[in-house]
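# Structural features, examined
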Amino acid sequence: MAERYGVMPGHGQGVLLLHGLMRTSCSMLPVAGYLRKQGYVVENIGYPSTSAPIEDLVRKTVPPAVNRLRERRVQCIHAVTHSMGGVLLRSYMHDEGIDTFGRAVMLCPPNQGSEVVDALSGFAWFRKLYGPAGLQLSTGPASFVNSLPGVDFPVGVITGNRPATPLFSRCFRGENDGKVAVERSRVSGEQAHLVLPYGHSFIMFHRPVLEQVLHFLQQGCFAPVQNNGA
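Below: a short report on this structure. All values derive from a computational prediction rather than experimental measurement. (Residues numbered from 1 in each chain as written. Predicted model: local features only at pLDDT ≥ 70, side-chain atom pairs only at ≥ 80, totals over all residues. Heavy atoms only, no water.)

Turning next to the nonpolar core. In this structure, Leu16, Ile54 and Met84 are the most contacted members of the largest nonpolar core, which totals 44 residues. It is helix 2 (residues 54-71) that provides the largest number of residues to this core, a total of 7 residues. With near-sequence residues (within four places) excluded, Leu16 lies in contact with Glu43, Ile45, Val62, Ala65, Val66, Leu69, His78, Ala79 and Val80. Among the nonpolar cores identified, the runner-up in size contains 27 residues, and Val15, Val80, Ala192 and Leu210 belong to it. (Core = buried A, V, L, I, M, F, W, Y, C linked by side-chain atoms within 4.5 Å. Buried < 20%, exposed > 50% of the residue type's maximum accessible area, 1.4 Å probe, protein only. Helix = DSSP H or I, 4+ residues; strand = E, 2+ residues; numbered from the N terminus. Contact = heavy atoms within 4.5 Å.)

Checked against the element boundaries, Ser169 lands in the loop between strand 5 (155-160) and strand 6 (192-196). Sequence separation between Ser169 and Val180 is 11 residues, and the spatial gap between their C-alpha atoms is 10 Å.

Moving on, we come to the pairing of strand 1 (residues 13-18). Counting buried residues in strand 1 gives 6 out of 6 residues, a clear majority hidden from the surface. In strand 1, alternate side chains face the same way, and those of Gln13, Val15 and Leu17 on one face and Gly14, Leu16 and Leu18 on the other are all buried. The pairing of strand 1 with strand 3 (residues 76-82) spans 6 bridges and is parallel. Following the sheet pairing, Val15 is matched in strand 3 by His78. Bridging between strand 1 and strand 2 (residues 41-45) involves 5 bridges; their strand directions are parallel. Among the inter-strand pairings, Leu18 is bridged to a residue of strand 2, identified as Ile45. (Pairing = 2+ DSSP bridges.)

Extensive coverage of strand 4 (residues 101-107) is indicated by the burial of 6 of its 7 residues. Strand direction decides the pairing type here: strand 4 and strand 5, joined by 4 bridges, are parallel. Each bridged residue has a counterpart across the sheet, and for Val105 the counterpart in strand 5 is Gly156.

Moving on, we come to the side chain of Asn161. Note that Asn161 resides in the loop between strand 5 and strand 6. On the basis of relative accessibility, which here comes to 12%, the residue Asn161 falls in the buried class. A distance of 3.0 Å separates the side chain of Asn161 from the side chain of Glu175, its partner in a polar contact. (Polar contact = N/O pair within 3.5 Å; in protein donor to acceptor, adjacent residues only side chain to side chain.)

Let us look at the packing of helix 1 (residues 29-37) against helix 7 (residues 207-219). Closest axis-to-axis distance for the helix 1/helix 7 pair is 11 Å, and the angle between their directions is 55 degrees. Here helix 1 is positioned oblique relative to helix 7, judged by the angle of their axes. Classified by chirality, the crossing of helix 7 by helix 1 is right-handed. For the pair helix 1 and helix 7, contact is made by Pro30, Val31, Tyr34 and Leu35 and by Arg207, Leu210, Glu211, Leu214 and Leu217, respectively. Its residues placed into classes, the contact of helix 1 with helix 7 shows 7 nonpolar, no polar and 2 charged. (Axes fitted to C-alpha atoms, helices over the stretch in contact; angles between N-to-C directions. Parallel < 35°, antiparallel > 145°, perpendicular 65-115°, else oblique. Left-handed = near helix turned anticlockwise from the far one by under 90°. Nonpolar A, V, L, I, M, F, W, Y, C, P; charged D, E, K, R; others polar.)

What follows is the structure in structure tokens.
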């Protein structure tokens, strides 16, 4: 039900949006617009994802955005992330946390790293293009992403298994979204995990994904899906 007694379901609730590596806040506009229509207060953050290590990006980016949501007197703060944005959220929640946190949906997160980084990080062009943060997303046990603990807040993961192009297909042995293996999108402590037939880069542009994001923010679970590719 979209409304009850004239109050939208997201009324009084804030949502922090964190885009991925080599993207901008524009990539999250479909999520921002959809959630605003549902009554949520949305903070769509842009940050220079290739300019610094993840720790620095988190410190410079997330606290000011959280404060802006608090200034708007929201009752709780949710989060929706894409790709590396999920790693930023995990890092911030581990180090700082949000006392009024609600739920988080991570879209195509490299929670256990990406084989693409393993395959290409030895090339100078890759290091220059993707920056320090990109190099922290390898699958090695000592990588930054794998040094983070599991989550202790409500998280639902949505990932894809239909790469838009076969460009990096040789990097993977199993299902993947073109950038992240399905199994490596998982994180210890997650409440739900959903695989949909989309690719990594534009998964947030699909209506079924947006509907599942909303369902998890409201219910703490994903809606049943037939033939989702899981």
